[in-house]
Amino acid sequence: MRKLFTKIGIVLALLAVVDVLAGVALDWLRDHSPDGRYYKTKYSLEACNEDVVVIGSSRGEINYVSQIIEDSLGMTCWNASRGGQGTPYFRAIQEGVLARYAPKVVILNIDDNDLETRPNYEHAGVLRPFYQSHPEIRPILDETSTFEWLLMKSRLYAYNSSYYYLIRPYFIQGLDGKTSDKGWKPRLEKMSTEINGTLEPEPPKVPLHPEAVALFDTIVSKFQQRGTRMFLVVSPNFGRTVGSSSTIEYLRKTSRERNIPLFVYSNDTAFITKPEYYVDPDHLNVEGAQIFTQHLIRQIKPLVHSNQLSQHVDTVH
Amino acid sequence: MLFNSIDFAIFLPIVFALFWTVGRHSAKMQNWILLVASYIFYGFWDWRFLGLLAFSSAFDYFVGAELYRQTDKRKRKMFFWASVAVNLTLLGFFKYYNFFADSFVNAFSFFGQELNLGSLKVLLPVGISFYTFQSMSYAFDIYRRELEPVKDIVPFMTFVAFFPHMVAGPIQRASFFLPQFLTHKQFSYDLAAKGLKIMLFGFFMKVAIADRLALYVDAVYGNVDMHNGWSYMMATLFFAFQIYGDFAGYSLIAIGCAWLFGFHMSPNFNRPYFSTSFRQFWGRWHISLSTWFKDYLYIPLGGNRGTKARTYGNLFTTFVVSGLWHGANWTFVVWGAIHGAFQILERVAEELKFPKIPRLLAIPLVFAGVCLAWVFFRANTVQDAFQIVGGIFTNLQGKPHIGDIGIFAFSLMGILMLFLIEFVQEYYPDVNLLNHRQAPVRYATMVAMLAWIITLGVFDGSQFIYFQF
C-alpha cells in the first residue's frame with residue numbers, strides 16, 4: 001500500500017509542477033492580450049478609471065457605443081459589459097471597479113427577464129483567471145460550487161475552457177471590438193427578417209427569483225453608497241414587445257424608491273419594429289447601436305448632474 | 001453522490017482506508033464496511049429509497065434460499081415467479097406508472113373519450129433498473145441450479161448494493177460476482193494501480209469528452225425547431241460520442257473502483273463503434289445488459305430454436321423490451337425496435353447470402369445505423385425524433401449551428417482524441433501508454449490525462465446519462 005501512495009504522490013507532484021508552469025504561461029497570455037475578452041475583463045478589473053461605466057450582458061456590450069457617450073457627456077466612458085453574463089458577473093466587475101475608485105455614472109443594462117431566473121454563477125466562471133489576483137471577486141466565484149475555493153488552487157482549472165478566447169486575439173484582432181472602441185463590440189451585420197406586421201405578444205409573467213433580486217439590489221446599493229449616479233436601461237429586442245414583465249415592474253419600483261432613472265426600450269416601437277437596426281433579434285447592429293445610444297444619452301444628459309428622476313420612464317412612441 | 005464530485009473524492013479514500021485497515025482480518029468485516037458505505041453512497045442520492053433497496057435485496061435473498069431448499073417443481077416455479085413479480089412490480093410502479101397511465105389516457109382521448117386516471121408524482125429511485133436486474137439474476141441462477149444461495153445475508157446485500165456499480169451498472173451476474181463477496185480480499189498493488197488508471201481514463205471520457213459534447217447536443221436537441229439538418233447531423237454525431245463517453249466512462253470508473261477493493265467486474269464496453277455488424281455492436285455495447293437480456297429473456301422465449309419467424313419475433317421483442325428498460329418514453333421503445341429491425345435485417349441478409357460488406361465500409365455503415373437509432377434515444381419526443389431524421393435528409397439549407405466556437409472546437413478535439421485512443425486500442429493493442437514499461441511514459445500519460453481533464457473538463461456536476469435509468 002505504501003508503494004501505491006508513493007506513486008500517487010509522484011503523479012500529483014508532477015501535476016502540481018505542470019499546473020504551476022502552465023499557470024505562469026497562461027497568466028502571461030492573459031496579461032498581454034492585444035485585445036479581446038480577456039483584455040476587456042482585465043481592463044475592467046484593473047485599469048478602468050473612466051467617469052462612465054456601462055455594465056451589462058451582450059446587449060450591454062453591443063448596444064452601447066462608448067465614443068458617443070464620451071462625446072455627448074464630455075466624460076470618459078468604458079463599456080465593461082460581457083456577452084453571456086448576468087448579475088453575478090456584474091457584481092464581480094462592480095467589486096473590481098469599486099476596489100479602486102467610484103465611477104461618476106454607471107449605466108446598468110438589465111434584460112427584461114434577468115431577475116426571474118436563478119443567477120448563473122457558472123457563467124461568471126470566465127472570471128476564474130482573475131481569481132488569485134483579485135480577492136474582491138472571490139466571494140462571487142465561490143458561489144459556483146461548494147469546493148470552488150479548493151479547485152481554484154489549480155491554475156489549469158482557472159483557465160478551464162478559456163483557451164480559444166485567450167489565444168484568439170494573438171492571431172485575429174478586433175473580433176470583440178478594437179481597443180479604441182473602449183469595450184463596445186460593434187456588429188456590422190444586418191438582419192434580413194422583415195416584420196410581418198404583428199409583434200410577438202407580451203410573454204406571460206414569471207415570478208421574480210429572490211436570489212436574482214437580492215443580487216441586483218446589492219449592485220444598486222453598493223454603487224449608490226459610493227455616490228455613483230446610476231441609470232437603469234432595458235434594451236429593445238426586435239419583433240417583440242415587453243413592457244410589463246416582473247423584472248421591469250421591479251425595476252420601476254427600484255427607480256421610484258431609490259431615485260434611479262429607468263429607461264425601458266423593450267416596448268419602444270421606434271426600435272422594436274426596425275429590422276434594419278439589428279444583427280439578430282436580441283442585439284443592435286452598428287447603426288442601431290449608434291441611434292440607440294444617441295437617443296438614450298439625450299435623455300440621460302440632463303440628469304447626470306441632477307438628482308431628479310427622469311420625466312419619462314417608459315419610452316413608448 | 002456523483003463519481004465526478006468532491007463528495008466522492010472524499011468518500012472513496014475513507015472507504016478504501018477502512019476496508020484495508022479495519023477490514024483486513026476478515027471477509028465479514030470487509031463486507032460490512034462495503035455494505036454500510038454503499039448504503040451511505042445510495043443515501044446521498046435519496047435516503048427515502050434505502051428501504052426499497054433493502055427490501056428488494058432481502059426478498060430475493062429469502063426467495064433464493066427457498067428456491068434452493070424446495071424440491072417440488074411447482075413450488076420452485078412459484079418462488080421464481082414471485083421474485084420476477086415483486087421486482088418487476090417495483091420497477092414497473094416507480095419507473096413506468098406515469099408513462100403507462102399517460103399513454104393509456106392518450107389512447108382513449110384518440111378515440112374521443114376522456115379518461116382521468118390521476119397521475120402520481122412517483123419519484124424514480126436511482127439505479128432501480130440496475131439493482132432489480134442484478135437481484136433477479138440471483139434468483140434466476142439458483143432456479144436454474146447454476147448457483148447455490150449464500151448462507152449469510154450480508155454478502156448478498158453487499159453484492160446488490162455495491163456502490164461502484166449500483167446506480168448505473170455494469171450489471172454483474174450473481175454466479176460470477178457474488179462468490180467474490182465470500183472470499184477475504186488481500187491488497188494487491190497491481191490491481192489497485194490498474195484500478196486507478198482505469199478510473200482516470202473513465203473520468204477523462206466522462207468529464208473531458210462526454211460532458212463537453214453535451215453542451216452542443218443539448219443546445220440542438222433542446223430547440224429542435226431552431227435548427228437545420230446540418231445541425232441535427234452534427235448533434236447526433238456528437239451524441240453518439242457523448243453517450244459512449246458518458247456510459248463507458250462510468251463503467252470504467254465502476255470497474256476501476258471495484259479493483260481498488262480487489263473485486264473483478266466483467267467489462268461493459270469493447271470499442272463498439274468499430275463494429276462491422278449490428279450483432280457485433282451488441283456484443284461490444286453495454287455488454288452486461290445485452291447478455292442479461294439474452295440469457296433471461298431471449299433464450300427463455302425460445303431464442304433461435306424455433307422457426308425463423310419465431311426467432312425474429314423473439315429478437316424483436318427482446319430489443320423492444322430492452323428499449324423500454326432504458327426509459328419510460330416511447331422514444332426508447334422506438335430505439336429498441338430500430339435495433340431489433342437491424343438484427344432481423346442482418347439475419348435475413350445472411351439467409352439470402354448477400355455478399356459480405358468490406359470492413360472499411362461496414363464500420364461506417366453500422367455507425368450510421370446506430371446514429372440513426374440514437375436520434376430516437378436522445379430526442380425528447382418521437383415527434384422531435386422524426387423531425388430530426390427528416391431534417392437530416394431534407395433540411396440542408398444554411399449552415400450548421402456552431403454556437404460558442406470554443407466549445408465546438410474542444411468538442412471536436414475530444415472526439416478526435418477518443419477516436420485516436422480507441423483506434424490504437426483496437427488495432428495496436430500492445431501500445432498502452434498508461435501501462436507502458438517505461439515509467440516516464442506512464443507518468444507523462446497520467447499527468448497529461450489529468451491536465452486535460454482539469455483544463456477541458458466540464459465541472460458543473462452533470463449526471464451520467466444512465467443514472468436516469
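Residues numbered from 1 in each chain as written. Chains lettered and ligands numbered in written order. Predicted model: local features only at pLDDT ≥ 70, side-chain atom pairs only at ≥ 80, totals over all residues.

Some thoughts on the overall build of chain A
For step 1, the next point in the chain: Counting secondary structure elements, chain A contains 13 helices and 7 strands.
For step 2, the next point in the chain: Since a compact globule built from 317 residues should have a radius of gyration of about 20 Å, the 21 Å found for chain A is in line with a globular shape.
For step 3, the next point in the chain: For chain A, the spread of C-alpha atoms along the principal axes amounts to about 75 × 40 × 40 Å.
For step 4, the next point in the chain: When each of the 317 residues of chain A is scored for burial, the buried share is 44%.
For step 5, the next point in the chain: A fraction of 81% describes how many contacts in chain A between residues 6 or more apart in sequence connect residues 24 or more apart. (Helix = DSSP H or I, 4+ residues; strand = E, 2+ residues; numbered from the N terminus. Rg over C-alpha atoms; globule rule 2.2 N^0.38 Å. Buried ≥ 20, exposed ≤ 12 C-beta atoms within 10 Å, placed from the backbone. Contact = placed C-beta atoms within 7 Å.)

Let's talk about the pairing of strand 4 (residues 229-234) of chain A
Residues and elements named next belong to chain A.
For step 1, the next point in the chain: Burial runs high along strand 4: 6 of the 6 residues are buried.
For step 2, the next point in the chain: Burial of the side chains of strand 4 extends over both faces: Arg229, Phe231 and Val233 are buried on one face and Met230, Leu232 and Val234 on the other.
For step 3, the next point in the chain: With 5 bridges joining them, strand 3 (residues 105-109) and strand 4 adopt parallel strand pairing. In the strand pairing of strand 4, Ile107 is matched with Phe231.
For step 4, the next point in the chain: Each parallel crossover has a hand, and the one from strand 4 via helix 11 (residues 246-258) to strand 5 (residues 262-264) is right-handed. (Pairing = 2+ DSSP bridges. Right-handed = clockwise from strand over helix to strand, strands pointing away.)

So, the domain arrangement of chain B
Residues and elements named next belong to chain B.
For step 1, the next point in the chain: Taken as a whole, chain B is organised into domain 1 (6-187) and domain 2 (191-276 + 357-468).
For step 2, the next point in the chain: Put simply, the middle of domain 1 and the middle of domain 2, counted by C-alpha atoms, are 28 Å apart.
For step 3, the next point in the chain: Opposite the 15 residues of domain 1 that make contact, domain 2 presents 17 residues.
For step 4, the next point in the chain: Every element with two or more residues in the side of domain 1 that touches domain 2 is listed here: helix 1 (6-21) and helix 7 (163-166).
For step 5, the next point in the chain: Looking at the side of domain 1 that touches domain 2 residue by residue, the class counts come to 10 nonpolar, 4 polar and 1 charged. (Domains from an automatic or database assignment. Nonpolar A, V, L, I, M, F, W, Y, C, P; charged D, E, K, R; others polar.)

Looking at the interface of chain A and chain B
For step 1, the next point in the chain: Contacts between the two partners involve 20 residues from chain A, matched on the other side by 19 residues from chain B.
For step 2, the next point in the chain: Secondary structure elements with two or more residues in the side of chain A that touches chain B: helix 1 (2-31), helix 8 (155-158) and helix 9 (163-167) of chain A.
For step 3, the next point in the chain: When its residues are assigned to classes, the side of chain A that touches chain B shows 13 nonpolar, 4 polar and 3 charged.

Looking at the confidence of the model for chain A
For step 1, the next point in the chain: When pLDDT is averaged along chain A, the result is 91, and 94% of the positions lie at 70 or above.
For step 2, the next point in the chain: The model gives residues 310-317 of chain A a pLDDT under 50, and that stretch makes 20 contacts with residues more than four places away or in other chains. (pLDDT = per-residue confidence, 0-100.)

Overview of the sheet that holds strand 4 of chain A
All names here are of chain A.
For step 1, the next point in the chain: With respect to topology, 5 strands assemble into an open sheet ordered 2-1-3-4-5, the strand pairing being parallel. For this open sheet the edge positions go to strand 2 (77-79) and strand 5, each flanked by a neighbour on one side alone. Recorded for the sheet is a direction-independent mean angle of 15° between the axes of neighbouring strands.
For step 2, the next point in the chain: In this structure, strand 1 (residues 52-55) lies alongside strand 2, joined through 3 bridges in parallel fashion. (Axes fitted to C-alpha atoms, helices over the stretch in contact; angles between N-to-C directions.)

Quick notes on the environment of Phe49(B)
Residue and element names in this part refer to chain B.
For step 1, the next point in the chain: With respect to the element layout, Phe49 can be found in the loop between helix 2 (27-46) and helix 3 (50-69).
For step 2, the next point in the chain: The exposure class of Phe49 is buried, given the 20 C-beta atoms found within 10 Å.
For step 3, the next point in the chain: Phe49 sits 245 residues away from Lys294 along the chain, and the two C-alpha atoms are 29 Å apart.

Focus on the pairing of strand 3 of chain A
Residue and element names in this part refer to chain A.
For step 1, the next point in the chain: Of all the 5 residues making up strand 3, 5 are buried; the element is thus mostly covered by neighbouring parts of the structure.
For step 2, the next point in the chain: Burial of the side chains of strand 3 extends over both faces: Val105, Ile107 and Asn109 are buried on one face and Val106 and Leu108 on the other.
For step 3, the next point in the chain: Pairing of strand 1 with strand 3, which is carried by 4 bridges, proceeds in the parallel orientation. Bridged to Val53 within strand 3 is Val106.

What about the confidence of the model for chain B?
Regions with low pLDDT should not have their predicted coordinates read in detail.
For step 1, the next point in the chain: For chain B, per-residue confidence averages 89 on the pLDDT scale, and 94% of positions sit at 70 or higher.
For step 2, the next point in the chain: Predicted complex, confidence summary: ipTM 0.84, pTM 0.86.

What to know about the environment of Phe162(B)
Residues and elements named next belong to chain B.
For step 1, the next point in the chain: For Phe162, the position within the fold is in the loop between helix 6 (153-161) and helix 7.
For step 2, the next point in the chain: Between the C-alpha atoms of Phe162 and Ala37, which are 125 residues apart in sequence, the distance is 8.5 Å.
For step 3, the next point in the chain: Among all residues touching Phe162, those that are not within four sequence positions of it are Leu34 and Ser38.

Thoughts on the packing of helix 15 (residues 359-378) of chain B against helix 16 (residues 382-394) of chain B
All names here are of chain B.
For step 1, the next point in the chain: Closest axis-to-axis distance for the helix 15/helix 16 pair is 8 Å, and the angle between their directions is 145°. Crossing of helix 15 over helix 16 shows right-handed handedness. Between helix 15 and helix 16, the residues in contact are Leu372, Val375 and Phe376 and Ala385, Ile388 and Val389, respectively.
For step 2, the next point in the chain: Looking at the contact of helix 15 with helix 16 residue by residue, the classes come out as 6 nonpolar, no polar and no charged. (Left-handed = near helix turned anticlockwise from the far one by under 90°.)

With respect to helix 13 (residues 286-304) of chain A
Residue and element names in this part refer to chain A.
For step 1, the next point in the chain: The first and last C-alpha atoms of helix 13 sit 25 Å apart over 19 residues, in line with the 27 Å expected at 1.5 Å per residue.
For step 2, the next point in the chain: Along helix 13, the sharpest kink reaches roughly 30°, centred on Arg298 and followed within four residues by the proline Pro302.
For step 3, the next point in the chain: Three or more residues of helix 13 are buried, namely Gly288, Ala289, Phe292, Thr293, Leu296, Ile297 and Ile300. (Expected span 1.5 Å × (residues − 1). Bend = angle between axes of the 7 residues up to and from the residue.)

Quick notes on unusual backbone geometry
Residues and elements named next belong to chain A.
For step 1, the next point in the chain: Despite not being glycine, Asn259 shows a phi value in the positive range, around 60°.
For step 2, the next point in the chain: Take Asn259: it is sitting in the loop between helix 11 and strand 5.
For step 3, the next point in the chain: Residue classification places Asn259 among the partly exposed positions, given that 13 C-beta atoms sit within 10 Å.

Examining the packing of helix 10 (residues 229-260) of chain B against helix 16 of chain B
Residue and element names in this part refer to chain B.
For step 1, the next point in the chain: As a packed pair, helix 10 and helix 16 sit with axes 7 Å apart at the nearest point and diverge in direction by 120°. Considering the relative orientation of helix 10 and helix 16, their crossing is left-handed. Residues Gly229, Tyr232 and Met233 of helix 10 touch helix 16, and the partners they reach there are Ile388, Gly391, Ile392, Phe393 and Thr394.
For step 2, the next point in the chain: Among the residues making up the contact of helix 10 with helix 16, the classes are represented as 5 nonpolar, 3 polar and no charged.

Notes on the environment of Thr41(A)
All names here are of chain A.
For step 1, the next point in the chain: Mapped onto the elements, Thr41 comes out in helix 2 (residues 37-47).
For step 2, the next point in the chain: For Thr41, a count of 23 C-beta atoms within 10 Å gives the class buried.
For step 3, the next point in the chain: Each C-alpha atom of the pair Thr41 and Gly96 lies 9.9 Å from the other, and the pair is 55 residues apart in sequence.
For step 4, the next point in the chain: Setting aside its immediate chain neighbours within four residues, Thr41 contacts Arg82, Leu127 and Phe130.

Notes on helix 10 (residues 210-225) of chain A
Residues and elements named next belong to chain A.
For step 1, the next point in the chain: Given a rise of 1.5 Å per residue, 16 residues ought to cover 22 Å, and the 22 Å separating the end C-alpha atoms of helix 10 matches this to within 8%.
For step 2, the next point in the chain: Within helix 10 the residues assigned to the buried category are Ala212, Leu215, Phe216, Ile219, Val220 and Phe223. With its buried residues spanning 130° around the axis, helix 10 presents them on a single face. For helix 10, the exposed residues lying more than 90 degrees away from the buried face are Pro210, Ser221 and Gln225.
For step 3, the next point in the chain: Each element contacted by the buried residues of helix 10 is listed here: helix 5 (87-98), strand 3, strand 4 and helix 11.
For step 4, the next point in the chain: Directly after helix 10, the chain includes Gly227, whose backbone phi takes a positive value near 85°. (Arc of directions from axis to C-beta.)

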